[in-house]
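Okay, here's what each chain looks like letter by letter:
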Amino acid sequence: MNYIDDEYKLTKKILAYILVPSPHTGEVLADFVKAIVLDWNIDNKSFDLANDNARSNDVMMENLKTWVGSKDCLILERNLFQIRCSNHILHLVALCGMKVVAAFTESIRECVKYVKASHARIERFANVIAQVMLPERD
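Residues numbered from 1 in each chain as written. Predicted model: local features only at pLDDT ≥ 70, side-chain atom pairs only at ≥ 80, totals over all residues. Heavy atoms only, no water.

1. Points about the overall build of the protein
Working step 1: The secondary structure content of the protein amounts to 4 helices and 4 strands.
Working step 2: Beginning at the N terminus, the succession of helices and strands in the protein can be written as β-β-α-β-α-β-α-α.
Working step 3: Across the 138 residues that make up the protein, the buried fraction comes to 17%.
Working step 4: Partitioning the contacts of the protein with sequence separation of at least 6, the portion at a separation of at least 24 is 54%.
Working step 5: Surface accessibility of the protein: about 11,100 Å² in total, with carbon and sulfur atoms responsible for 59%. (Helix = DSSP H or I, 4+ residues; strand = E, 2+ residues; numbered from the N terminus. Buried < 20%, exposed > 50% of the residue type's maximum accessible area, 1.4 Å probe, protein only. Contact = heavy atoms within 4.5 Å. Areas by Shrake-Rupley, 256 points an atom, 1.4 Å probe, with all protein chains shown as cover.)

Next up, the structure:
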């Protein structure tokens, strides 16, 4: 949890680190979040919640929006309550990019394996590097 303390400093805390038993449905997740929020007595102080884009999280967020929204403590009619986790989104973008270059990466790996399989190939490769004046790597 991130919040601004009484001295106007950004403070970060982990509110709970718990095992949530299966099934991980939106309803089950929402119940666990509600319990944590109530334990910390911050149900009237919540402003937003960041999460990834799993379907169960969408259901969880709808349940939490309804619950917290009924307390009239959210601004802009609950439009700012759910924030997608930028790290997760960047991870998904990176995975898509890796799919695009996967064939090239695999070809390079096979070339490296081929060269490393023989001492003679390693020497010839070192000669080629010297001819094109590339710095050697250890």
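2. Re the packing of aromatic side chains
Working step 1: Enumeration according to the criterion identifies 0 aromatic pairs in this entry.
Working step 2: The positively charged end of Arg121 is found above the aromatic ring belonging to Tyr114, 3.7 Å away from the centroid. (Phe/Tyr/Trp six-rings, centres within 6.5 Å; stacked < 30°, edge-to-face > 60°. Lys NZ or Arg CZ within 6 Å of the ring centre and 35° of its normal.)

3. Side note on a nonpolar patch on the surface
Working step 1: On the surface, Met98, Val100, Val101 and Phe104 cluster together into a nonpolar patch covering about 410 Å² of accessible area.
Working step 2: On the secondary structure map, Val100 appears in helix 3 (residues 86-116). (Patch = residues over 30% accessible without salt bridge, like charges linked within 9 Å, V, L, I, M, F, W, Y side chains within 5 Å. Salt bridge = Lys/Arg side-chain N within 4 Å of Asp/Glu carboxyl O.)

4. Focus on helix 4 (residues 119-131)
Working step 1: In this model helix 4 runs 19 Å from its N-terminal to its C-terminal C-alpha over 13 residues, within 8% of the 18 Å that 1.5 Å per residue would give.
Working step 2: The distance from a side-chain oxygen at the start of helix 4 to the backbone nitrogen of Ala120 is 3.2 Å, and the residue carrying that oxygen is Ser118.
Working step 3: Backbone geometry just downstream of helix 4 places Met133 in the positive-phi region, at approximately 60 degrees. (Expected span 1.5 Å × (residues − 1). Polar contact = N/O pair within 3.5 Å; in protein donor to acceptor, adjacent residues only side chain to side chain.)

5. Side note on the pattern of salt bridges
Working step 1: Scanning the model with the defined rule gives 3 salt bridges in all.
Working step 2: Two residues, Lys113 and Glu110, come together in a salt bridge whose shortest N-O distance is 3.4 Å. Here Lys113 pairs with Glu110, and both are found in helix 3, just 3 residues apart, close to one helical turn.
Working step 3: Under the relative-accessibility criterion, Lys113 is labelled exposed at 51%.

6. Considering helix 1 (residues 26-39)
Working step 1: The end-to-end C-alpha distance of helix 1 is 20 Å, a good match for the 20 Å that 14 residues give at a rise of 1.5 Å each.
Working step 2: Listed as buried for helix 1 are Gly26, Leu29, Ala30, Ile36 and Val37. Burial along helix 1 is one-sided: seen end-on, the buried residues are contained in an arc of 125 degrees.
Working step 3: Downstream of helix 1 by a residue or two, Asn41 has a phi angle that is positive, lying close to 55 degrees. (Arc of directions from axis to C-beta.)

7. A closer look at the nonpolar core
Working step 1: Judged by nonpolar contacts, Val20, Leu29, Ala30, Val37, Ile42, Met60, Met61, Leu64, Trp67 and Val68 together constitute the single largest core of 10 residues.
Working step 2: Listed by contribution, the elements that provide at least two residues to this core are helix 1 and helix 2 (55-69).
Working step 3: Of all the elements, helix 2 adds the most residues to this core, at 5 residues.
Working step 4: The contact partners of Ile42, leaving out residues within four places of it in the chain, are Met1, Leu15 and Val37. (Core = buried A, V, L, I, M, F, W, Y, C linked by side-chain atoms within 4.5 Å.)

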